[in-house]
Amino acid sequence: MSDRVTAAILAAGSGIRFGGSTPKQLLPLAGKPLLAHSLEAFAAVETVDAIVVVTTDDLVAEVRDLASVVIPKTTDVISGGATRDGSTRAALGVVSDPNGKILVHDAARPLIAPKIIAACVTALDRFDAVGVAVPSADTLLEVVDDRVKGIPDRTHLWRAQTPQGFRVDVLRRAHAAAAADPGFTPTDDCGVVARYLTGVTIGVVAGHPSNIKITYPEDLAVAEALWRRNQATAD
């Protein structure tokens, strides 16, 4: 079984909820674009052989220039789809080895630690699919029409992060089924596998609370503080 590992960094989001004229993936965090942080983290992992960045049509040239400066591992910068799952399928389209491994990561999570990435690669020797997650510290509510319909036991509830890792052929088969089902709009790739490949066990790799997703402007300020703390801890 091939061990070639491709990382797909999804940087094609519109950033509508963030606002502003600068694409979210290019906003500065600690003096460099958000995307550069993810690129550097994946480049630091020896077992990652190639990195594909998926972005919007109008940013391909700019992102290619950025990626070429940041890391030599970048093998391609391509246009994504209109949806997140479309962008994952675009990344799968440039991966030639069906028996290899693919890690799918959101560029909006710039503080991903290389050790978590490496743990995902290793976990794919045991599982065909893995997700990064942290236990939920909050009580979660099931709400319908502004009314609480249920309060699930949070003991077994974890918050999903990225990257998520897969054997390439497994993720391809799951997305082929999703593409034929217009009634399903996935929010992540483990969800696609869970829905269409019910026989595949999805393993869990422990994430970290600092691996936050930048969605709103205030998240960027939080990320700056977390970055500074991480740097101080590393030192």
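Predicted model, so just to flag it, every value in this text is computed and none were measured.

Novice: Residues and numbers for a nonpolar patch on the surface, please.
Specialist: The grouping of Leu141, Val143, Val148 and Ile151 at the surface amounts to a nonpolar patch, some 380 Å² of accessible area in total. Along the chain, Val148 turns up in strand β9 (residues 147–150). Judged by its relative accessible area of 48%, Val148 is partly exposed.

Novice: Let's hear about helix α4 (residues 114–123): which residues, and what values?
Specialist: When we look at burial in α4, the residues that qualify are Ile116, Ile117, Cys120, Val121 and Ala123. Each buried residue of α4 lies within a common arc of 165° when the element is viewed along its axis, so the set occupies one face. Turned more than 90 degrees away from the buried face of α4, the exposed residues are Lys115 and Thr122. Buried residues along α4 sit against β1 (5–11), α1 (34–43), β6 (101–106), β7 (129–135), β10 (158–167) and β11 (202–206).

Novice: Go over a negative patch on the surface with me, naming the residues and quoting the values.
Specialist: Taken together, the side chains of Asp57, Asp58, Glu62 and Asp65 present a region of like negative charge at the surface. Positionally, Asp65 belongs in helix α2 (residues 60–70).

Novice: Tell me about the pattern of salt bridges, residues and numbers included.
Specialist: Think of it this way: side chains of opposite charge can pair up when their charged atoms draw near. If you walk through the whole model with that rule in mind, you get 11 salt bridges. Notably, a salt bridge pairs Lys101 with Asp125, separated by 2.8 Å at the nearest N-O pair. Highlighted residues: Lys101 in strand β6 and Asp125 in the loop between α4 and β7, separated in sequence by 24 residues. With a closest N to O distance of 3.5 Å, Arg195 and Asp181 form a salt bridge. Of this pair, Arg195 sits in helix α6 (residues 189–196) while Asp181 sits in the loop between α5 (168–179) and α6, placing them 14 residues apart in sequence. Connected through shared salt-bridge partners, Asp3, Lys101, Asp125 and Arg167 make up one network.

Conventions adopted
Residues numbered from 1 in each chain as written. Predicted model: local features only at pLDDT ≥ 70, side-chain atom pairs only at ≥ 80, totals over all residues. Heavy atoms only, no water. Patch = residues over 30% accessible without salt bridge, like charges linked within 9 Å, V, L, I, M, F, W, Y side chains within 5 Å. Areas by Shrake-Rupley, 256 points an atom, 1.4 Å probe, with all protein chains shown as cover. Salt bridge = Lys/Arg side-chain N within 4 Å of Asp/Glu carboxyl O. Helix = DSSP H or I, 4+ residues; strand = E, 2+ residues; numbered from the N terminus. Buried < 20%, exposed > 50% of the residue type's maximum accessible area, 1.4 Å probe, protein only. Arc of directions from axis to C-beta. Contact = heavy atoms within 4.5 Å. Lys, Arg positive; Asp, Glu negative; His and termini not counted. Charge placed at Lys NZ, Arg CZ, Asp CG, Glu CD.

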